Amino acid sequence: MKSVKHWINGALADGDDRTAELFNPATGEVSGHVALASAADVDAAVAAAAAAFPAWRDASLMKRSQVLFRFRELMYAHRDKLAALISSEHGKVHSDALGEVSRGLEVVEFACGIPHLLKGGFSEGVSTRVDSYSIRQPLGVVAGITPFNFPAMVPMWMYPIAMACGNTFVLKPSEKDPSASLLMARLWQEAGLPDGVFNVVQGDKAAVDRLLEHPDVRGVSFVGSTPIARHVYETGTAHGKRVQALGGAKNHMLVLPDADLDLVADSAVSAGFGSAGERCMAISVVLAVDPIGDELVQKIVERVGRLVIGPGDDPKAQMGPLVTGIHRDKVASYLDLGVEEGAKLVVDGRETAVLGGGKAAETPGFWLGPTVLDHVPPGSRTHTDEIFGPVLSIVRVGSYEEGLELINGGEYGNGTAIFTNDGGAARRFQNEVEVGMIGVNVPIPVPMAFYSFGGWKASLFGDTHVHGTEGVHFYTRGKVVTSRWLDPSHGGVNLGFPTNG
Ligand code: NAD
């Protein structure tokens, strides 16, 4: 039985007595416990981060960047171990866990360039013998609060840039899969990061709420579901903090009749069922524009029938279990709801065979196979709710306009994709769709580290997306300096408003 603790000031910390159970999703068995921080535990982590801030802020850009380079090498060397940890608590297959580590490492690599990213501007002679220049400085202690579905990648969207900018960091990972955070903390220490610059508090609402209220926390990055994102944004900003809070999603793939249907079917199955659909950029709705619906569904069903479901550490498995029993039951409830709402259940994931087990519904562990619902009525709950599992809904639409209206009428605006061979239609879509991240014949358009990640509407509260140059902006404050070195020509006292002469 493992016992997952906090990491404060460069060492493991026990904290309060409260704990939560950890599970192996592939078997359903309890695998250990994770500490749940009290307000006092959070205060200890913030105090460590605050104490480490002055020296870290003053460390040269090259020194900070060298620590990041070393961390990158250590993470790369430990990527298999990290992926195995993720898989054992989250359930995703090993190759998928490796994928999230490598996408996170791209942000570390981006942040290694911090000396370039923090360059300011300089204007010589804005007035007679007066120069102006801009600089950006760190905020102080910043916090990251992250979801279960990417226990390594989502924290890596945040902390490399935050710390490269000179901030110190307190991470509050998901209590469902907390172990990756401690391995990353140890690797930071091995990379030469001073103690207190990176801290981890394990926990639930109590830890989150204390971080949101703590006067020494200057900025909060959050990724999770929309109701909690809204709470984090409203509470954090009410306490004077800078907040970026990324929420949930319901991503639609619009398929025009001229699209390559084999590419579409491969893409819909990959993007719908990768990581058991527990991705904020998963495709959960296919909008099939008439008349291609029947042919496309047939191609999707053929591919789904070939998917191999099994434990994350079995190299033959392409899709693992869901994260918890409660979540699996919630996702599975949409199979009956969908039928009640008028959809046709064309693939029932409860019947899918699990490697080494029986049918998903009868195998111990949190299993549900890939499920396809066709003719899902637009506006039904199956169409609009974020199900966050291996359930792909097909909605039939008569035209591009009808599809676009369904996307733009939705609550979320995280990701979307159009599949077509018509460049004009694709261009029109990217212009008209109210979504933050758009794929053209690409089903999961996750921006690279040097662009910024974020959605619109209920998928993001705040105005700054994560990583890329917006990330650097979020974790720094600007100053503009106007400077004159006196020379014999200075004009004496002048009470007039400064103008440029
Ligand atoms: P969640 O909202 O339940 O939890 C996210 C974090 O908030 C966790 O650290 C959790 O401990 C904390 N939390 C939970 N309940 C809280 C409460 N009442 N008060 C304060 N804090 C609380 O999300 P999850 O289930 O871990 O992750 C899945 C969700 O995250 C999905 O909705 C998914 O779309 C979303 N997500 C979004 C993005 C994005 O980029 N927009 C990326 C990944 C995941």
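Residues numbered from 1 in each chain as written. Predicted model: local features only at pLDDT ≥ 70, side-chain atom pairs only at ≥ 80, totals over all residues.

In the nomenclature of an unreviewed UniProt entry, the protein is known as methylmalonate-semialdehyde dehydrogenase (CoA acylating) of Nonomuraea longispora.

**A short note on the overall build of the protein**
We count it as follows: Each helix corresponds to a stretch of at least 4 residues labelled H or I by DSSP, and each strand to a stretch of at least 2 residues labelled E; elements are numbered beginning at the N terminus. What the globule rule says is 2.2 Å times the number of residues to the power 0.38, and the radius of gyration is computed from C-alpha atoms. Exposure classes come from backbone-placed C-beta atoms, where a residue is buried if 20 or more other C-beta atoms lie within 10 Å of its own, exposed if 12 or fewer do, and partly exposed in between.
The helix and strand tally for the protein stands at 16 helices and 23 strands. Taken against the 2.2 N^0.38 rule, which gives 23 Å for 501 residues, the C-alpha radius of gyration of the protein at 25 Å falls within 12% of a compact globule. Each principal axis of the C-alpha distribution contributes one length, and for the protein these read about 85 × 55 × 40 Å. Scored against the burial criterion, the 501 residues of the protein give a buried share of 52%.

**Some remarks on the site of the ligand**
Operational definition: For each residue, a C-beta atom is placed from the backbone, and the residue is labelled near a molecule or strand when this atom is within 6 Å of it. For this classification, the nonpolar set comprises Ala, Val, Leu, Ile, Met, Phe, Trp, Tyr, Cys and Pro, the charged set comprises Asp, Glu, Lys and Arg, and every other residue, Gly included, is treated as polar.
By nearness alone, 28 residues border the ligand, and Pro147, Gly224, Ser225, Gly248 and Cys280 come closest of all. At the level of secondary structure, the elements contributing two or more residues to the shell around the ligand comprise helix 8 (205-213) and helix 9 (226-238). Grouping the amino acids of the shell around the ligand by side-chain chemistry returns twelve nonpolar, eleven polar and five charged.

**Remarks on the sheet that holds strand 16 (residues 371-374)**
Heads up, the rule is: Here, any two strands with at least 2 DSSP bridges between them count as paired. Lines are fitted to the C-alpha atoms to define the axes, a helix being fitted only along its stretch in contact, and any angle between axes, read from their N-to-C directions, falls within 0 to 180 degrees.
Taken in spatial order, the seven strands make up an open sheet running 15-16-17-14-13-19-20, and their pairing is mixed. The open sheet has two edge strands, strand 15 (344-347) and strand 20 (437-440), and neither has a second partner. On average, adjacent strands in this sheet sit at an angle of 20 degrees to one another, irrespective of strand direction.

**Some details on the domain arrangement of the protein**
Note the cut-off: Here the limits of each domain have been adopted from an automatic or database domain assignment.
Assigned domains of the protein: these are domain 1 (2-247 + 459-482) and domain 2 (251-440). Taking the mean C-alpha position of each, domain 1 and domain 2 sit 31 Å from one another. Broken down by secondary-structure element, the contributors of at least two residues to the side of domain 1 that touches domain 2 are helix 3 (79-90) and helix 4 (94-111). Ranked by residue count, the leading element in the side of domain 1 that touches domain 2 is helix 3, at three residues. Of the residues contributing to the side of domain 1 that touches domain 2, the split by class is seven nonpolar, eight polar and three charged.

**Examining the nonpolar core**
One broad trend across soluble globular proteins is that nonpolar side chains are buried collectively. Formally: For our purposes the nonpolar core covers buried Ala, Val, Leu, Ile, Met, Phe, Trp, Tyr and Cys residues that link as a set through C-beta atoms within 7 Å. Two residues form a contact once the distance between their C-beta atoms, set from the backbone, is within 7 Å.
One finds Phe169, Val170, Leu211 and Val232 to be the most contacted residues of the largest nonpolar core, which totals 88 residues. If you tally residues by element for this core, the top one is helix 6 (residues 153-164), at ten residues. In this view, Val170 contacts Ala45, Val46, Ala49, Val141, Ala143, Asn199, Val201 and Leu211; residues no more than four positions away in its chain are not counted.

**Some words on the UniProt feature "domain: Aldehyde dehydrogenase" (unreviewed entry) in the protein**
Applicable threshold: UniProt positions are given in the numbering used here, feature names are shortened, and annotations may be inferred rather than shown by experiment.
Look at the UniProt record and you will see "domain: Aldehyde dehydrogenase" (unreviewed entry) annotated at residues 15-481. Annotation note: span residues 15-481, helix share 40%, strand share 22%, distance between end C-alpha atoms 44 Å.

**Quick notes on helix 1 (residues 39-58)**
Spelled out, the test is: In this scheme, a helix's expected span is set at 1.5 Å multiplied by one less than its residue total. A residue's bend is simply the angle between two axes: one fitted to the seven residues ending at it, one to the seven starting at it.
With 20 residues, helix 1 extends 29 Å between its outermost C-alpha atoms, agreeing within 8% with the 28 Å of an ideal straight helix rising 1.5 Å per residue. Along helix 1, the helix axis deviates most sharply at Ala52, where the bend reaches about 40 degrees; the proline Pro54 sits within four residues downstream. Taken residue by residue, helix 1 has Asp41, Val42, Ala45, Val46, Ala48, Ala49, Ala52, Phe53 and Trp56 as its buried positions.

**Observations concerning the pairing of strand 16**
Burial along strand 16 is two-sided: Thr371 and Leu373 facing one way and Val372 and Asp374 facing the other are all buried. Note: strand 15 against strand 16, three bridges, orientation antiparallel. By the bridge assignment for strand 16, Val347 is matched with Val372. Where strand 16 and strand 17 (residues 391-397) come together, three bridges link them in parallel fashion.

**Quick word on the sheet that holds strand 1 (residues 2-4)**
Reading across the sheet, the three strands line up as 1-5-4 and stay open at both edges, with mixed pairing between neighbours. The sheet terminates laterally at strand 1 and strand 4 (19-24), the two strands that pair on one side only. Averaged over all neighbouring strand pairs, the angle between strand axes comes to 30 degrees, with direction disregarded. Judged from the six bridges that link them, strand 4 and strand 5 (residues 29-35) form a sheet pairing that is antiparallel. What sits directly across from Phe23, in strand 5, is Val30.

**Comments concerning the packing of helix 4 against helix 6**
Defined as follows: An angle below 35 degrees is treated as roughly parallel, one above 145 as roughly antiparallel, one from 65 to 115 as roughly perpendicular, and anything else as oblique. Left-handed is the label given to a crossing in which the near helix is rotated counterclockwise from the far helix by less than a right angle, and right-handed is the label when the rotation is clockwise.
As a packed pair, helix 4 and helix 6 sit with axes 8 Å apart at the nearest point and diverge in direction by 10 degrees. In this view, helix 4 runs roughly parallel relative to helix 6, as classed from their interaxial angle. For the element pair helix 4 and helix 6, the recorded crossing hand is right-handed. Note on element contacts: helix 6 touches helix 4 through Met153, Met156, Trp157, Pro160, Ile161 and Ala164, opposite Glu100, Arg103, Gly104, Val107, Val108 and Ala111. Of the residues contributing to the contact of helix 4 with helix 6, the split by class is nine nonpolar, one polar and two charged.

**Focus: the confidence of the model for the protein**
The line we're drawing: You can read pLDDT as the predictor saying how much it trusts each residue, on a scale of 0 to 100.
Across the protein, the average pLDDT comes to 97, with 99% of residues at 70 or higher. Scoring the predicted complex yields pTM 0.97 and, for the interface, ipTM 0.99.

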